[in-house]
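Structure assessment
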Amino acid sequence: GAGVSQSPSNKVTEKGKDVELRCDPISGHTALYWYRQSLGQGLEFLIYFQGNSAPDKSGLPSDRFSAERTGGSVSTLTIQRTQQEDSAVYLCASSAGGTQYFGPGTRLLVL
Amino acid sequence: AQSVTQPDIHITVSEGASLELRCNYSYGATPYLFWYVQSPGQGLQLLLKYFSGDTLVQGIKGFEAEFKRSQSSFNLRKPSVHWSDAAEYFCALVHGSSNTGKLIFGQGTTLQVKP
């Protein structure tokens, strides 16, 4: 079946611009996660949605980062006023029953 | 605090040789543990997981891992490495007492396979 999909695959933006990254989870998965992978910091948790519960935003690095999940399915991660240190691969995962399945990621480069 | 340590940043093995990648964790109770593999430019693929029960777990691509509570370890093994196994490997545990929390990852181990 279809796995987790993310778009765009690559995004190049200028410092100060806003970007939106999209994640389509596996159908029926109630949990959705965003992680960031960068050279200096490894794999870091950003935010987690579980069903209709309030999201766990404890990993968001600043208030420039936000995410929403519409209708319990698709999620969008928004980064406002991008900075060069935001350059990273942003990975989305979804799960049902505790095992997280990852998408291919969005590679973000902030110039 | 919960944490995962992968002591080896880089490992090189010859094709056909055996492989063991080390993973140590810090957690007060029995953790939910995972191994993922990442090929260049790709996302993370699940190799295997341990939730409970038999401490020796089998995964895909001929990999296995053994949970050892006394050593706080969850080492990944493969008896004979193939060139296609060259990739980065991540050990992870779930934060919290439920298996649905965020993952805490180790730093990763890059595996190089010599012909």
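This text goes with the structure placed above it.
Just so we're clear, the structure is a prediction, and the values are computed from it rather than from any experiment. All chains use their own residue numbering, which begins from 1 and follows the written sequence. The lettering of chains begins at A and the numbering of ligands begins at 1, in the order of writing. Note on the predicted model: pLDDT of at least 70 is required for a residue's local features to be given, and 80 or more for side-chain atom pairs to be given and counted; whole-chain, interface and lining totals, by contrast, use all residues. In computing side-chain properties, one takes all heavy atoms of the structure into account and sets aside hydrogens as well as water.

1. So, the overall build of chain A
Selection criterion: Strands are runs of DSSP state E lasting at least two residues, helices are runs of H or I lasting at least four, and both sets are numbered from the N terminus onward. For the radius of gyration, the atoms used are the C-alpha atoms, and the globule rule reads 2.2 Å times the number of residues raised to 0.38. To sort residues, take the accessible area from a 1.4 Å probe on protein chains only and compare it with the maximum for the residue type: under 20% means buried, over 50% means exposed, and anything in between is partly exposed. Contact definition: two residues touch when any of their heavy atoms are within 4.5 Å. Residues scored as charged are limited to Lys and Arg (positive) and Asp and Glu (negative), so that His and the chain ends carry no count. Where a charge lies is defined by one atom per residue type, namely NZ (Lys), CZ (Arg), CG (Asp) and CD (Glu).
Scanning chain A for helices and strands turns up zero helices and ten strands. Since a compact globule built from 111 residues should have a radius of gyration of about 13 Å, the 13 Å found for chain A is in line with a globular shape. Taking the principal axes of the C-alpha coordinates as reference, chain A spans close to 40 × 30 × 25 Å. Per-residue burial for chain A yields a buried fraction of 48% across its 111 residues. Pairs at least 24 residues apart make up 53% of the contacts formed inside chain A by residues separated by at least 6 positions. Of note, chain A has its 10 positive side-chain charges centred 2 Å away from the centre of its 10 negative side-chain charges.

2. Overview of the nonpolar core
To be explicit about the condition: The definition of a nonpolar core used throughout is a set of buried Ala, Val, Leu, Ile, Met, Phe, Trp, Tyr and Cys residues joined through side-chain atoms within 4.5 Å.
Formed by 27 residues in total, the largest nonpolar core has its most connected members in Leu-19, Trp-35, Leu-47, Leu-48, Phe-74, Leu-76 and Tyr-89 of chain B. Among the secondary structure elements, those contributing two or more residues to this core are strand S2 (10–14), strand S3 (19–21), strand S5 (33–38), strand S6 (45–50), strand S8 (64–68), strand S9 (73–78), strand S10 (87–94) and strand S12 (109–114) of chain B. Looking at this core, the element that brings in the most residues is S10 of chain B, giving four residues. Counting residues in each nonpolar core, the second largest holds 20 residues, with Leu-60, Phe-65, Ala-67 and Leu-77 of chain A among its members.

3. Some remarks on the pattern of salt bridges
A side chain of one charge can pair with a side chain of the opposite charge if their charged atoms are brought near each other. Residues and elements named next belong to chain B. In plain terms, the rule: Salt bridge, as applied in this entry: a Lys or Arg side-chain nitrogen positioned within 4 Å of an Asp or Glu carboxyl oxygen.
Across all of its chains, the model carries seven salt bridges over all chains by this definition. A salt bridge links Lys-78 to Asp-85, with the nearest nitrogen and oxygen atoms 2.8 Å apart. Neither residue differs from the other here; Lys-78 and Asp-85 are each classed as buried. Beyond isolated ion pairs, a larger network of salt bridges with shared partners links Glu-64, Glu-66 and Arg-77.

4. Some words on the state of the cysteines
For the record, the criterion: The disulfide criterion is simple: two cysteine sulfur atoms within 2.5 Å.
Taken as a whole and assessed by the stated rule, the structure comprises two disulfides over all chains. Through a disulfide, Cys-23 of chain A is tied to Cys-92 of chain A; the S-S separation comes to 1.8 Å. Across the S-S bond linking Cys-23 of chain A and Cys-92 of chain A, the dihedral sits near -65°, which makes this disulfide left-handed. Pair noted here: Cys-23 of chain A is in strand S3 (residues 19–24) and Cys-92 of chain A is in strand S8 (residues 88–95), with a separation of 69 residues, a long-range link. Summarising the burial analysis for this pair, Cys-23 of chain A and Cys-92 of chain A share the class buried. Between the sulfur of Cys-23 of chain B and that of Cys-91 of chain B lies a disulfide, 2.0 Å long from S to S. One quick way to see it: the torsion about the S-S bond of Cys-23 of chain B and Cys-91 of chain B is about -65°, and its sign makes the bridge left-handed. Highlighted residues: Cys-23 of chain B in the loop between S3 and strand S4 (24–26) and Cys-91 of chain B in strand S10, separated in sequence by 68 residues.

5. A few points about the interface of chain B and chain A
In plain terms, the rule: Put simply, buried area is the surface a 1.4 Å probe can reach on two separate parts but cannot reach once they are joined, added for both. By the criterion applied in these results, polar contacts are pairs of N or O atoms within 3.5 Å in which, for protein atoms, one can donate a hydrogen and the other can accept it, and in which residues neighboring in sequence qualify only through two side-chain atoms.
Chain B puts 17 residues into the contact, and the matching count from chain A is 18 residues. For the pair chain B and chain A, the two sides together bury roughly 1,400 Å², of which 54% comes from carbon and sulfur. Our count for the chain B to chain A interface comes out at zero salt bridges. Counting the contacts that link chain B with chain A gives five residue pairs in polar contact (both at pLDDT 80 or more). Within the residue set of the side of chain B that touches chain A, elements represented by two or more residues are S5, S6 and strand S11 (103–105) of chain B. It is S5 of chain B that provides the largest number of residues to the side of chain B that touches chain A, a total of three residues.

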